[in-house]
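As a plain string of letters, each chain reads:
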Amino acid sequence: MNKKVTQIISLMAVFGCIAIATTSCGKKNPNSPGVEFMPDMYRSPSLEPNMAYVSIINGKQTGDTLQANRLPVKGSIPRGFMPYPYANDTAGYANAGRYLHNPFKKNDANLAEGEVLYSKYCVHCHGAGGEADGLVAAKLAGPPPSYKGPVLMALPEGKMFHSIYFGKGLMGSHASLVSKAEIWKIILHIQKLQYPNGKEVAVTVADSASLTAAKVDVIK
Ligand code: HEC
């Protein structure tokens with residue numbers, strides 16, 4: 001081995017010892033990884049998805065957390081979700097009555113599904129025939145009106161949908177129990193109870209009892 005190679009090897013050994021000494025010794029914290037030669041390699045300035053970071057400004061923690069996932073743009077809706085366009089107020093109720101119509105056909109399959117759903121979610125108050133004689137109806141402070149009374153006979157299907165979706169009076173919202181499509185199929189069944197002979201459903205914009213006197217605004 002010539003002299004030059006020996007010199008290079010001993011120089012490398014000296015630097016190696018210095019590097020080991022600076023990185024592994026003299027730290028109070030035994031868990032410290034030592035000097036970071038290239039911090040960017042360990043601590044990427046980019047944000048990882050699904051992580052929350054502490055916010056550091058001028059070397060000081062601000063106490064805020066920085067969420068890597070950004071909020072969706074205002075007005076975004078989840079895929080496959082159709083927002084309900086009418087507000088839960090008097091004007092929304094009136095507009096639903098005017099503009100909301102059943103997209104489902106009155107065929108045997110839809111009627112059969114509507115009847116099953118009705119028997120699960122509605123029958124205990126409204127009764128099998130829609131006469132408000134369900135077992136729970138008698139216990140309510142104000143029993144539901146009969147579907148066959150003049151008020152509900154004239155109730156547009158859009159208002160029915162609105163009331164089932166948001167709830168009304170002593171009836172709670174059913175939005176979390178049945179889907180929008182299921183509500184429409186239940187409405188087909190209710191209309192069958194109201195008009196067993198297949199009479200066309202009334203389209204008069206009538207209000208149900210408690211809302212007759214309320215002021216009604218049309219969509220602007
Ligand atoms: C806890 C008992 C109860 C249950 C369960 C219930 N309802 Fe009602 N429902 C009522 C009462 C009480 C009213 C009267 C509300 C009012 O006008 O104050 C009513 C009113 C209605 C109306 C008239 C709404 C209007 O705008 O005047 C419809 C239509 C209706 N219910 C359908 C349904 C359907 C469909 C279901 C099942 C998905 C259902 N209800 C479940 C108690 C109930």
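Analysis parameters
- Numbering of residues starts from 1 in each chain and follows the order in which that chain's sequence is written.
- Side-chain atom pairs in this predicted model are given and counted only at pLDDT of 80 or more, local residue features only at pLDDT of at least 70, and totals for whole chains, interfaces and linings cover all residues.
- Secondary structure elements follow DSSP: runs of H or I no shorter than four residues count as helices, runs of E no shorter than two count as strands, and numbering proceeds from the N terminus.
- The burial label depends on the number of other C-beta atoms within 10 Å of a residue's C-beta. Counts of 20 or more mean buried, 12 or fewer mean exposed, and intermediate counts mean partly exposed, with C-beta atoms placed from the backbone.
- A fitted line through C-alpha atoms represents every axis, and for helices the fit uses only the stretch in contact; the resulting angles, taken between N-to-C directions, go from 0 to 180 degrees.
- Any angle from 65 to 115 degrees is called roughly perpendicular, while one under 35 is roughly parallel, one over 145 is roughly antiparallel, and all others are oblique.
- Less than a right angle of anticlockwise turn of the near helix away from the far helix marks a crossing as left-handed, whereas a clockwise turn marks it as right-handed.
- Two residues form a contact once the distance between their C-beta atoms, set from the backbone, is within 7 Å.
- By convention the nonpolar core is taken to be a set of buried residues drawn from Ala, Val, Leu, Ile, Met, Phe, Trp, Tyr and Cys and joined through C-beta atoms within 7 Å.
- A strand pair is defined by DSSP finding two or more bridges across the two strands.
- Helix span, as expected, comes to 1.5 Å for every residue beyond the first.
- A residue's pLDDT is the predictor's confidence in that residue, given on a scale from 0 to 100.

Looking now at the overall build of the chain. Counting its secondary structure elements, the chain contains 8 helices and 2 strands. Starting at the N terminus and ending at the C terminus, the chain contains elements arranged as α-α-β-β-α-α-α-α-α-α. Across the 220 residues of the chain, 18% fall into the buried class.

This next bit is on unusual backbone geometry. A negative phi angle characterises most non-glycine residues, just as the trans form characterises most peptide bonds. The phi dihedral of N50 falls on the positive side, at around 60°, and the residue is not glycine. Structurally, the position occupied by N50 is in the loop between α2 (39–42) and β1 (52–57). Taking the number of C-beta atoms within 10 Å as the measure of exposure, N50 has 8 and is therefore exposed. Although it is not a glycine, N58 adopts a positive phi angle of roughly 50°. Residue classification places N58 among the exposed positions, given that 5 C-beta atoms sit within 10 Å.

Across the interface, helix α3 (residues 90–99) lies against helix α7 (residues 157–166) with an axial gap of 6 Å and an inter-helix angle of 135°. The orientation of α3 relative to α7 falls into the category oblique. Of the two elements, α3 crosses α7, and the hand of that crossing is right-handed. In contact with G92, Y93, A96, G97, R98 and Y99 of α3, α7 contributes G158, K159, F161 and H162.

Further remarks concern the nonpolar core. Judged by nonpolar contacts, the single largest core of 20 residues is most densely connected at M160, F161, I183, I186 and I187. Ranked by residues supplied to this core, first place goes to helix α8 (residues 180–194) with 6 residues. Aside from chain neighbours lying at most four places away, what touches I183 is F161, I164, Y165, H174 and V178.

Along any regular strand the residues' side chains alternate between the sheet's two faces. Where burial is concerned, little of β1 is hidden: 0 out of the 6 residues are buried. Here β1 pairs with strand β2 (residues 60–67) via 5 bridges, running antiparallel. Looking across to β2, one finds that V54 is bridged to T65. In sequence, β1 turns back onto β2 through a hairpin of 2 residues, with N58 there showing a positive phi of about 50°.

Our next topic: helix α4 (residues 108–121). The end-to-end C-alpha distance of α4 is 20 Å, a good match for the 20 Å that 14 residues give at a rise of 1.5 Å each. Buried residues along α4 sit in contact with α5 (123–126) and α8.

Okay, the confidence of the model for the chain next. With 86% of its residues at a pLDDT of at least 70, the chain reaches an overall mean of 84. Averaged pLDDT values for the elements of the chain fall to 74 in α2 and rise to 98 in α7. This stretch, residues 202–220, has a pLDDT under 50; its non-local contacts, to residues over four places away or in other chains, come to 27 contacts.

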